[in-house]
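Listed below are the residues making up each chain.
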Number of protein chains: 4
Amino acid sequence: MIEINERDRAVFEAGIKLGALYHQFVGTPISTETIDDLSRAMEQSVILQPYVRSVSVMIDREMVEKRENPEFRYCELEGRMLHVNLQILYKNTIAYAELAYDEGLDYPMMSIKKIEEM
Amino acid sequence: MIEINERDRAVFEAGIKLGALYHQFVGTPISTETIDDLSRAMEQSVILQPYVRSVSVMIDREMVEKRENPEFRYCELEGRMLHVNLQILYKNTIAYAELAYDEGLDYPMMSIKKIEEM
Amino acid sequence: MIEINERDRAVFEAGIKLGALYHQFVGTPISTETIDDLSRAMEQSVILQPYVRSVSVMIDREMVEKRENPEFRYCELEGRMLHVNLQILYKNTIAYAELAYDEGLDYPMMSIKKIEEM
Amino acid sequence: MIEINERDRAVFEAGIKLGALYHQFVGTPISTETIDDLSRAMEQSVILQPYVRSVSVMIDREMVEKRENPEFRYCELEGRMLHVNLQILYKNTIAYAELAYDEGLDYPMMSIKKIEEM
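What you see is a predicted model, and the numbers here were worked out from it, not measured in a lab.

Undergrad: Describe the sheet that holds strand β5 (residues 93–102) of chain A, naming the residues involved and giving the relevant values.
TA: All names here are of chain A. Ordered by their spatial adjacency, four strands build an open sheet running β2-β4-β5-β6, and the pairing between neighbours is antiparallel. Across the chains shown, the open sheet's two edge strands, defined by having one partner strand only, are β2 (52–59) and β6 (107–117). Taking each pair of neighbouring strands and ignoring which way they run, the sheet shows an average axis angle of 10°. The pairing of β2 with strand β4 (residues 82–90) spans seven bridges and is antiparallel. Pairing of methionine 58 across the sheet is with histidine 83, part of β4. On top of the sheet, helix α1 (residues 6–25) reaches β2, β4, β5 and β6; it is set at about 150° to β4, its chief contact. Against the sheet, helix α2 (residues 35–47) makes contact with β2 and β4, and its axis sits at roughly 155° relative to β2, the strand it touches most.

Structure (structure tokens):
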């Protein structure tokens, strides 16, 4: 029997936040002109949640531009447009996690990049 | 057989926008401090869409305050917190629609308030 | 000043339902094997709502197949995969609405197809 | 510098799945009659994703009943209605995770219950 430790908790919380962000906001109508305000609102929705030390949400401007419907001049937020860096602080452990589009796999990949014990 | 006219189109588009807004954003983590940025991002997601003449999204501050979890200091956006005014312009017809919490029915009610032909 | 009538209400409710369905479910993980159960759950979420007379949700099997990630064997529900037929009955008026992918515009188009007064 | 190991990956993936499930489906119209099909569709959306060994989604029937709007006879899926058990298998490590409503905190709590190395 393995005890759940601080590190498990930090890493688990990181996963929760990325999964939540993704499925809350994918599908939102977006254009190059609303990228800044939408990414800011997304960051704020994360930073409110427990154990979040910092988060940055970047939305790929080129991809948005390319996907904008020529007739209606907007598109929808897709997972592959997102680049998110997240730090979770649980007690003395920091988990650094990322959501980034993996071109090779054609997949919005979430990963743990680093773990620090302070 | 009844022909679909401008007025039908304006009213239909109003319904689409309110239904979409509601189900895109309900569930988003929110606190009294993020109300302004979230409502702005919500407005922008609507204004991008076809035939929208104007939209205002208000989130009920008192309700958010009351719902904030005492331990974690945030809550989730609920339909009953929303007050939305929307104008759709389709050709020469303006449809004014609203989403507002109906206390009697305990229901976030969407309605057409007015139709104008210019 | 124009009075809101039964027909306006029927058409408005049709818009609400399609907008809601779309933004509730787009982003859901899906594969060809889960199409049937997901479309059934989507239909049920619509049929519960006020004034819905009937609804059918079809998800384009070919598109799902094509979009399935080769490594992970699933994809996400996209608007363009959806074909929805909806009937709203408001008092004595039936509004027939549709969501269907418009290839020419590359857009998931919602439209009122027919209105009947009984 | 700490190496990311199998256990971190298993636990992280568990977090992703719970966060995603929650924010994809909260807000869905539901009644006591659609609980079974909706929870089945939710399970299927999880089981498709990488490293999921098993998942069960239970929706609290009593809570749904209590929340059903008396006029319209349905409500919306809320986080507190959900009880989810999830197993992630990453290489030789199994992470057991749960989403369950914590009455004391009035919060839908996600947690790691157990970790096994095979």
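What follows continues from the structure just given.
Undergrad: Mind laying out the pairing of strand β4 (residues 82–90) of chain D, listing which residues take part and the relevant values?
TA: Residue and element names in this part refer to chain D. Summarising the sheet, β4 and strand β5 (residues 93–102) pair through seven bridges and their orientation is antiparallel. Along β5, the bridge assignment pairs leucine 89 with isoleucine 94. The turn joining β4 and β5, which pair antiparallel and follow one another in sequence, is formed by two residues; a positive phi near 50° is taken by lysine 91.

Undergrad: So what about the interface of chain A and chain D? Which residues, and what values?
TA: Accessible area lost during the coming together of the parts is what is often quoted as the interface size. The interface of chain A with chain D comprises 28 residues on the first partner and 28 residues on the second. Counting the surface lost from both chain A and chain D, the interface buries some 2,300 Å², and carbon and sulfur atoms represent 67% of this. Broken down residue by residue, the surface that chain A buries against chain D is led by Ile2, Phe12 and His23 of chain A, which jointly contribute 27%. One can count two salt bridges joining chain A with chain D. Across the pair aspartate 8 of chain A and arginine 7 of chain D runs a salt bridge, and its minimum N-O distance is 2.4 Å. Inspection of the region where chain A meets chain D yields eight residue pairs in polar contact (both at pLDDT 80 or more). Those elements giving two or more residues to the side of chain A that touches chain D turn out to be α1 and β6 of chain A. Within the side of chain A that touches chain D, the residues separate by chemical class into 15 nonpolar, six polar and seven charged.

Undergrad: Give me the packing of aromatic side chains: which residues, what numbers.
TA: Summed over all chains, the structure comprises 14 aromatic pairs over all chains. Ring geometry for phenylalanine 72 of chain A and tyrosine 107 of chain C: centres 4.3 Å apart, planes at 45°, overall tilted. Here phenylalanine 72 of chain A, found in the loop between α3 (61–67) and β3 (75–76), pairs with tyrosine 107 of chain C, found in strand β6 (residues 107–117), and the two come from separate chains. Assigned by exposure class, phenylalanine 72 of chain A and tyrosine 107 of chain C land together as buried.

Undergrad: Help me get a handle on the interface of chain B and chain C, residues and values and all.
TA: Counting residues at the interface gives 28 residues for chain B and 28 residues for chain C. Broken down residue by residue, the surface that chain B buries against chain C is led by Ile2, Phe12 and His23 of chain B, which jointly contribute 27%. For the interface between chain B and chain C, the tally reads two salt bridges. Summed over the shared surface of chain B and chain C, the number is eight residue pairs in polar contact (both at pLDDT 80 or more). Elements with a contribution of two residues or more to the side of chain B that touches chain C: α1 (6–25) and β6 (107–117) of chain B. In terms of residue count, the dominant contributor to the side of chain B that touches chain C is α1 of chain B (twelve residues). For the side of chain B that touches chain C, the class distribution of residues is 15 nonpolar, six polar and seven charged.

Undergrad: Just give me the short version of helix α2 (residues 35–47) of chain D, but keep the residues and values in it.
TA: The first and last C-alpha atoms of α2 of chain D sit 18 Å apart over 13 residues, in line with the 18 Å expected at 1.5 Å per residue. Every buried residue of α2 of chain D is accounted for by Ile35, Leu38, Ser39, Ala41, Met42, Gln44, Ser45 and Val46 of chain D.

Undergrad: How would you sum up the sheet that holds β5 of chain D? Please name residues and give values.
TA: All names here are of chain D. Taken in spatial order, the four strands line up as β2-β4-β5-β6 in an open sheet, and their pairing is antiparallel. Only two strands of the sheet have a single partner each, and these edge strands are β2 (52–59) and β6 (107–117). Within this sheet the neighbouring strands show an average axis-to-axis angle of 10°, counted without direction. Along the sheet, helix α1 (residues 6–25) makes contact with β2, β4, β5 and β6, crossing β4 at roughly 150°.

Undergrad: For the side chain of glutamate 13 of chain B, give the residues involved together with the corresponding values.
TA: Inspection of the secondary structure puts glutamate 13 of chain B in helix α1. If we ignore the near neighbours within four places in the chain, the residues touching glutamate 13 of chain B are Pro50, Tyr51 and Ile88 of chain B.

Undergrad: With reference to specific residues and values, describe the relation of the copies chain A and chain D.
TA: With an RMSD of 0.0 Å, the operation that places chain A on chain D is a rotation of 180° combined with a shift of 0.0 Å along the axis. What we have between these two chains is a two-fold relation. Interface overlap between copies: 100% of the residues of chain A at the interface are likewise at the interface in chain D, consistent with a symmetric, same-surface contact.

Undergrad: Any details on the relation of the copies chain B and chain C? Residues and values, ideally.
TA: Least-squares fitting of chain B to chain C yields an RMSD of 0.0 Å, with the superposition described by an axial translation of 0.0 Å and a rotation of 180°. Looking at the interface residues of chain B, 100% of them are also at the interface in chain C, so both copies use one shared face.

Undergrad: Lay out the pattern of salt bridges with the relevant residues and their values.
TA: Scanning the model with the defined rule gives 36 salt bridges over all chains in all. Glutamate 98 of chain A is the partner of lysine 113 of chain A in a salt bridge, and the nearest nitrogen-oxygen pair spans 3.7 Å. Within this pair, whereas lysine 113 of chain A is found in strand β6, its partner glutamate 98 of chain A is found in strand β5, the two being separated by 15 residues in sequence. Residue class for lysine 113 of chain A comes out partly exposed when judged on its relative accessible area of 45%. Its salt-bridge partner being aspartate 37 of chain C, residue arginine 40 of chain D comes within 3.1 Å of it at the nearest N-O pair. Of this pair, arginine 40 of chain D sits in helix α2 while aspartate 37 of chain C sits in helix α2 (residues 35–47), each in a different chain. In this structure aspartate 37 of chain C comes out as partly exposed when scored by relative accessible area, which is 22%. Via salt bridges that share partners, Arg9, Glu13 and Lys17 of chain A belong to a single interconnected network.

What counts, and at which threshold
Residues numbered from 1 in each chain as written. Chains lettered and ligands numbered in written order. Predicted model: local features only at pLDDT ≥ 70, side-chain atom pairs only at ≥ 80, totals over all residues. Heavy atoms only, no water. Pairing = 2+ DSSP bridges. Helix = DSSP H or I, 4+ residues; strand = E, 2+ residues; numbered from the N terminus. Axes fitted to C-alpha atoms, helices over the stretch in contact; angles between N-to-C directions. Contact = heavy atoms within 4.5 Å. Buried area = accessible area lost by both parts, 1.4 Å probe. Salt bridge = Lys/Arg side-chain N within 4 Å of Asp/Glu carboxyl O. Polar contact = N/O pair within 3.5 Å; in protein donor to acceptor, adjacent residues only side chain to side chain. Nonpolar A, V, L, I, M, F, W, Y, C, P; charged D, E, K, R; others polar. Phe/Tyr/Trp six-rings, centres within 6.5 Å; stacked < 30°, edge-to-face > 60°. Buried < 20%, exposed > 50% of the residue type's maximum accessible area, 1.4 Å probe, protein only. Expected span 1.5 Å × (residues − 1). Least-squares fit on C-alpha atoms with pLDDT ≥ 70 in both.

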